[in-house]
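Commentary on secondary and tertiary structure
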Amino acid sequence: MQPSVESLVRLLESYRGRDKVIRTACYGSQLVGGALSRRAEADNSSHRLGKRLLLFSAQLSHCRTVLRLFDDLSMLAYSKSYGFGGKEEDAGLRWLSVLNNVADQLYYPCEHIAWAADAELIRVKSDKWWVLSTVLWGSSLLLGILRSLRVLMLLKKTLNRCESDEGGNSSPSQLRRQMRGEILTILSSTVDLSNAVHWMPPGFLWAGRFPPWLVGLMGTISSLVGLIQMNAGDSEETDST
């Protein structure tokens, strides 16, 4: 029990870890709340609890939006350090990463403007800014999926060379671990992309057709995958030290 509590405390002490926990709680509440709200005719108490969980989920989502007001500089620093990906040997991987960084960088100010408009800090309509931020988020997810698929292809080639005794210093176990990480990233980005399409204007694919519980399910899957990847990354750092 004590080690689990200590791990949770360490997770909550970091901004990235706290955001993962809040995200999981947000979508988990939406999943359970959406499922309970559908039982209105059968059980009024369950319906009321479901509504409260949906309100709680909305507040957590708003919390994450406010916290992202301070992410621009860190994203800018990362984009500047990556530049045009001169260190990447593969041209396709390099340009997918550059475009992904551009989409991420533009996403933040668009979301900030939408938030400020809803908070009546500026006099503009927030609708188009929310749509634009959703388009940028969806574009980033799609580019991330394509990037992970490209990385998987390159890792597969390296693994084949390694298994035929032609590989360099990379070990098969390390390559397989990296491949599993990319597969998890594809899974996480795919379910997030399904939600991004849902939040697009009506008439675009399945926009607006997901019930709250399904949005919560997709987001919960993505959040749990993110926690697994974060834990795996921390374990690798511990092993390397």
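This report concerns the structure included in the present document. (Residues numbered from 1 in each chain as written. Predicted model: local features only at pLDDT ≥ 70, side-chain atom pairs only at ≥ 80, totals over all residues. Heavy atoms only, no water.)

1. Comments concerning the packing of helix α5 (residues 91-118) against helix α6 (residues 127-163)
Contact pair α5 / α6: the axes reach a minimum separation of 8 Å and the direction vectors enclose 160°. Overall, the two elements α5 and α6 adopt an arrangement that is roughly antiparallel. Between α5 and α6 lies a crossing whose hand is left-handed. (Axes fitted to C-alpha atoms, helices over the stretch in contact; angles between N-to-C directions. Helix = DSSP H or I, 4+ residues; strand = E, 2+ residues; numbered from the N terminus. Parallel < 35°, antiparallel > 145°, perpendicular 65-115°, else oblique. Left-handed = near helix turned anticlockwise from the far one by under 90°.)

2. Brief notes about the packing of aromatic side chains
Throughout the structure, instances matching the rule amount to four aromatic pairs. With 6.2 Å between their ring centres and 55° between their planes, F84 and W95 make a pair best called tilted. Pair noted here: F84 is in the loop between α4 (72-82) and α5 and W95 is in helix α5, with a separation of 11 residues, a long-range link. By relative accessible area, F84 is classed as exposed at 60%. Residue W95 is classed as partly exposed on the basis of its relative accessible area of 45%. (Phe/Tyr/Trp six-rings, centres within 6.5 Å; stacked < 30°, edge-to-face > 60°. Buried < 20%, exposed > 50% of the residue type's maximum accessible area, 1.4 Å probe, protein only.)

3. Examining the side chain of S194
With respect to the helices and strands, the residue S194 is situated in helix α7 (residues 172-198). Owing to a relative accessible area of 10%, S194 belongs among the buried residues under this scheme. Not counting chain neighbours up to four residues away, the residues in contact with S194 comprise W206, F210 and M218. (Contact = heavy atoms within 4.5 Å.)

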